[in-house]
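# Survey of secondary and tertiary structure
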Amino acid sequence: MFEQSISTLAQKLRDKDISSVELTRHFLARIAKLDTQLNSFITVDEKKALEQAVAADHLLKIGQATALTGIPIAHKDLFCTEGTLTTCGSKMLNNFIPPYESTVTHRIQQAGAVMLGKTNMDEFAMGSSNENSFYGAVKNPWNLDKVPGGSSGGSAAAVAAGLVMATTGTDTGGSIRQPASFCGITGLKPTYGRVSRFGMIAYASSLDQAGPMAKSAEDCAHLMQAMAGFDDKDSTSAEKPTDDYLENLNAPLTGLIIGLPKEYFGDGLDSNVANAIMTAIKEFEKLGATVKEISLPNLQLSIPSYYVIAPSEASSNLSRFDGVRFGHRCENPKDLLDMYMRTRAEGFGTEVQKRIMVGTYALSEGYYDAYYVKAQKIRRLIKNDFVKALEEVDVIMGPVAPTTAFDLGSKTNDPVAMYLEDIYTLSVNLAGIPAMSIPAGFIDGMPVGLQIMGNYFAEAKLLNVAHQYQQHTDWHLQTPSMAKGA
Amino acid sequence: MSIDKQGVQKIAHLARLALTDEDVDQYQHSLSSVLALVEQMQSVNTDGVEPLSNPLEMTQRLREDKVTEENRRDAFLANAAQTEAGLFLVPKVID
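On a predicted model such as this, the values are computed, not experimentally measured, just so you know.

What chain B contains, in helices and strands, is 3 helices and 2 strands. Beginning at the N terminus, the succession of helices and strands in chain B can be written as α-α-α-β-β. In terms of overall dimensions, chain B has C-alpha extents of about 55 × 45 × 25 Å along its principal axes. Out of the 95 residues in chain B, the part that is buried amounts to 29%.

Shown next, in the form of structure tokens:
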């Protein structure tokens with residue numbers, strides 16, 4: 001069942017070949033059987049799932065179903081879900097039951113999808129390996145000794161293992177694309193402002209963006225159809241009509257101009273990953289695309305710029321966790337200051353504390369111009385590089401990450417080794433453009449992702465390009481052995 | 001750029017994080033590594049470049065000044081560690 005597309009299952013539901021309740025029970029059983037190996041879920045909400053499945057079956061019966069009606073999905077545990085525990089991967093929120101629903105989860109629910117639960121993640125979305133979760137590391141379904149990537153690692157692993165048809169993720173510096181790459185699935189980070197941030201627990205507000213994660217571009221398009229669009233409740237939501245993300249999936253790629261930034265193929269890129277990417281590019285050439293070498297000269301500066309801007313915004317956003325209104329509070333505080341200091345030291349993990357302190361330092365008196373303002377100036381240089389390149393080419397392609405998934409525990413001791421992993425993804429968030437990761441091969445049994453970047457609000461174009469590739473390749477249809485026969 | 005123990009303690013205080021001596025040692029090392037990593041920004045000439053804070057360069061949208069939310073006091077108090085008479089309770093602030 002999990003190997004089918006959302007479109008196929010939607011048809012089966014409409015034809016009454018299967019009910020949503022049956023489908024929901026099937027996937028809940030897969031989670032019960034397989035997730036002990038992966039730890040991809042923090043919460044499985046069986047009761048809510050079955051209630052939603054009953055409601056979906058009713059909509060199907062009265063002929064009011066969308067393509068998502070009755071389809072089992074899961075949300076990253078960063079979206080507030082009314083009445084369902086929302087932890088953000090942190091001890092700080094291990095008792096937080098949101099009193100309201102995020103716009104993303106609300107819209108997907110309105111479309112009739114069935115939420116099975118909430119997926120594991122790096123604490124407050126800070127990490128590239130999912131090892132920073134208070135609820136334990138997630139394992140990669142392709143090799144249980146490897147990381148699934150992060151921070152949306154649970155969302156990626158759950159899709160790859162067929163525990164759910166699709167998931168939501170969020171991407172502040174690569175947190176949808178890198179785990180999609182490591183787990184061999186398809187993920188889309190939309191343009192900043194395309195999908196509402198209302199009800200998302202904030203990490204870095206000028207970079208955060210939610211997007212879909214699923215097996216194929218077509219499945220992602222179905223989710224975007226529900227998720228995207230202006231939201232009055234998000235003050236940075238783009239006031240611009242959405243495209244029909246399914247309409248142009250089948251447009252031919254004849255005449256497509258692909259930019260290959262030379263900086264994405266330099267030192268530090270694993271040669272096997274480079275070969276897999278170049279093989280994928282050749283496939284696009286067969287489909288009628290032409291390739292042009294381009295330059296994004298400030299790529300290297302995306303690391304320092306990001307690791308100032310994101311922690312600065314995080315230090316400000318995470319000041320709300322003070323033990324007063326929600327979340328963890330320390331035992332027997334002797335005064336207000338003691339309560340703040342111990343609550344936050346107990347509630348936040350090491351990586352989160354580190355980033356809060358980096359941000360506090362960068363924003364502190366005497367350092368603000370040298371760090372935060374400087375990083376924002378460099379951010380403009382990085383944006384300008386993309387704007388210039390996208391005047392000459394339709395899409396930009398390159399690797400998502402320098403290597404395939406690495407071993408659990410292999411990068412946890414060096415404080416900056418993990419940051420260098422993000423070199424190919426950070427600049428996209430700084431510029432605010434959309435980008436995807438799609439499966440493009442395997443190296444020693446581990447998936448490799450191809451990154452496709454596009455112009456502002458060109459999500460439909462990216463999905464079209466990805467879909468055409470997936471019509472001619474079957475990397476996205478491969479299943480890890482642990483997921484088979486269950 | 002590195003940071004000394006006193007610097008870590010000052011930042012931790014500003015960030016309202018109670019650190020043990022062991023934590024201070026650990027963060028001195030990791031914060032210094034991050035600050036060294038971001039130091040390469042200083043060699044870039046950004047004269048005349050305007051800082052970019054919103055990638056779409058949008059200005060903040062304002063809403064009409066009217067009440068749009070209903071009163072849900074009980075629902076919002078339900079997540080608090082300590083409440084009384086419809087209020088959030090905190091440790092004594094003034095003697």
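Counting secondary structure elements, chain A contains 15 helices and 11 strands. Computed over C-alpha atoms, the radius of gyration of chain A comes to 21 Å, within 12% of the 23 Å expected from 2.2 N^0.38 for 486 residues, which places it in the range of a compact globule. Across its three principal axes, chain A shows a C-alpha extent of roughly 65 × 55 × 45 Å. Counting the 486 residues in chain A, one finds 67% classified as buried. By sequence separation, contacts in chain A at least 24 residues apart represent 77% of the contacts at least 6 residues apart. As presented, chain A carries roughly 15,600 Å² of accessible surface, and 48% of it is formed by carbon and sulfur atoms. The average position of the 43 basic charges and that of the 53 acidic charges among the side chains of chain A differ by 2 Å.

With that settled, the discussion passes to the pattern of salt bridges. All names here are of chain A. Per the stated rule, a full pass over the model turns up 17 salt bridges over all chains. In this structure, the salt-bridge partner of Lys 354 is Glu 351, at a minimum N-O distance of 3.3 Å. Here Lys 354 pairs with Glu 351, and both are found in helix 11 (residues 350–363), just 3 residues apart, close to one helical turn. Exposure class is identical for Lys 354 and Glu 351. Each is buried. Where salt bridges share partners, they join Asp 338, Arg 342 and Glu 346 into one cluster.

It is worth spelling out the UniProt feature "domain: Amidase" (unreviewed entry) in chain A at this point. The UniProt record marks residues 22–463 of chain A with the feature "domain: Amidase" (unreviewed entry), using the residue numbering of this structure. As a span, residues 22–463 of chain A carries 37% helix and 14% strand, and end to end its C-alpha atoms are 30 Å apart.

In this section: the interface of chain B and chain A. Listed as interface residues are 51 residues of chain B and, on the opposing side, 73 residues of chain A. Here chain B and chain A share an interface that buries about 5,400 Å² over both sides, 67% of which is from carbon and sulfur atoms. For chain B, the biggest contributors to the area lost against chain A are Met 41, Arg 61 and Asn 79 of chain B; these three give 14% of the whole. Where chain B packs against chain A, one counts 3 salt bridges.

Residue and element names in this part refer to chain A. Listed under "active site" (unreviewed entry) in the UniProt record, and renumbered for this structure, are Lys 76, Ser 151 and Ser 175. For the annotated residues, spread through 100 residues, the largest C-alpha to C-alpha distance comes to 11.0 Å, consistent with a single compact locus. With respect to the helices, strands and loops of the structure, Lys 76 is situated in strand 2 (residues 72–76). When neighbours within four sequence positions are excluded, Lys 76 is seen to be in contact with Lys 118, Thr 119, Met 121, Ala 125, Ser 151, Ser 152, Ser 155, Thr 168, Gly 169, Thr 170 and Ser 175. For Ser 175, the position within the fold is in the loop between strand 4 (166–170) and helix 6 (177–183).

Glancing now at the environment of Arg 25 of chain A. The topology assignment puts Arg 25 of chain A in helix 2 (residues 20–38). It is 9.6 Å that separates the C-alpha atoms of Arg 25 of chain A and Pro 72 of chain A, two residues lying 47 residues apart in sequence.

Residues and elements named next belong to chain A. Considering the arrangement of structural elements, one finds Trp 142 in the loop between strand 3 (114–119) and helix 5 (153–160). Each C-alpha atom, one on Trp 142 and one on Arg 194, is 32 Å from the other, the two residues being 52 residues apart in sequence. Contacts of Trp 142, omitting those with residues within four sequence positions, involve Ala 160, Phe 182, Cys 183, Gly 184, Phe 442, Gly 445, Met 446, Pro 447, Gln 478, Thr 479 and Pro 480. Within the local environment of Trp 142, its side chain forms a polar contact with the backbone oxygen of Cys 183, the two atoms lying 2.9 Å apart.

Further remarks concern the packing of aromatic side chains. Tallied over the entire structure, the rule returns 18 aromatic pairs over all chains. When the ring of Phe 124 of chain A is compared with that of Phe 321 of chain A, the centres are 5.1 Å apart and the planes differ by 55 degrees; the resulting orientation is tilted. Highlighted residues: Phe 124 of chain A in the loop between strand 3 and helix 5 and Phe 321 of chain A in the loop between helix 9 (302–317) and helix 10 (336–347), separated in sequence by 197 residues. Relative accessible area serves as the criterion here: at 1%, Phe 124 of chain A is assigned to the buried category. When the ring of Tyr 307 of chain A is compared with that of Tyr 419 of chain A, the centres are 3.8 Å apart and the planes differ by 5 degrees; the resulting orientation is stacked. Here Tyr 307 of chain A, found in helix 9, pairs with Tyr 419 of chain A, found in helix 13 (residues 417–420); they are 112 residues apart in sequence, far enough to count as distant. Just as Tyr 307 of chain A is buried, Tyr 419 of chain A falls in that class too. Here the guanidinium or amino end of Lys 240 of chain A rests over the ring plane of Phe 457 of chain A, the centre of that ring lying 5.3 Å away. Sitting over the ring of Phe 76 of chain B, Arg 72 of chain B keeps its end group 5.4 Å from the ring centre.

Attention now goes to the pairing of strand 11 (residues 446–454) of chain A. All names here are of chain A. Within strand 11, 9 of the 9 residues are buried, leaving the element largely enclosed by the surrounding structure. Where burial is concerned, the two faces of strand 11 agree: the one with Met 446, Val 448, Leu 450, Ile 452 and Gly 454 and the one with Pro 447, Gly 449, Gln 451 and Met 453 are both buried. For strand 9 (residues 395–399) and strand 11, the ladder comprises 5 bridges, and the chain directions are antiparallel. Its bridge partner lying in strand 11, Pro 399 is registered against Leu 450. The pairing of strand 10 (residues 435–443) with strand 11 spans 7 bridges and is classified as antiparallel. Bridge pairing in strand 11 places Ala 435 opposite Met 453.

Residue and element names in this part refer to chain A. Ranked by size, the top nonpolar core spans 170 residues in total, and within it Phe 124, Phe 386, Met 397 and Leu 450 carry the most contacts. No other element matches the 9 residues that helix 12 (residues 368–392) contributes to this core. Residues contacting Phe 124, with those up to four places away along its chain left out, are Cys 88, Ser 90, Met 92, Leu 93, Ile 201, Tyr 203, Leu 318, Phe 321, Phe 348 and Val 352.

Definitions and limits used
Residues numbered from 1 in each chain as written. Chains lettered and ligands numbered in written order. Predicted model: local features only at pLDDT ≥ 70, side-chain atom pairs only at ≥ 80, totals over all residues. Heavy atoms only, no water. Helix = DSSP H or I, 4+ residues; strand = E, 2+ residues; numbered from the N terminus. Buried < 20%, exposed > 50% of the residue type's maximum accessible area, 1.4 Å probe, protein only. Rg over C-alpha atoms; globule rule 2.2 N^0.38 Å. Contact = heavy atoms within 4.5 Å. Areas by Shrake-Rupley, 256 points an atom, 1.4 Å probe, with all protein chains shown as cover. Lys, Arg positive; Asp, Glu negative; His and termini not counted. Charge placed at Lys NZ, Arg CZ, Asp CG, Glu CD. Salt bridge = Lys/Arg side-chain N within 4 Å of Asp/Glu carboxyl O. UniProt positions renumbered as here; feature names shortened; annotations may be inferred. Buried area = accessible area lost by both parts, 1.4 Å probe. Polar contact = N/O pair within 3.5 Å; in protein donor to acceptor, adjacent residues only side chain to side chain. Phe/Tyr/Trp six-rings, centres within 6.5 Å; stacked < 30°, edge-to-face > 60°. Lys NZ or Arg CZ within 6 Å of the ring centre and 35° of its normal. Pairing = 2+ DSSP bridges. Core = buried A, V, L, I, M, F, W, Y, C linked by side-chain atoms within 4.5 Å.

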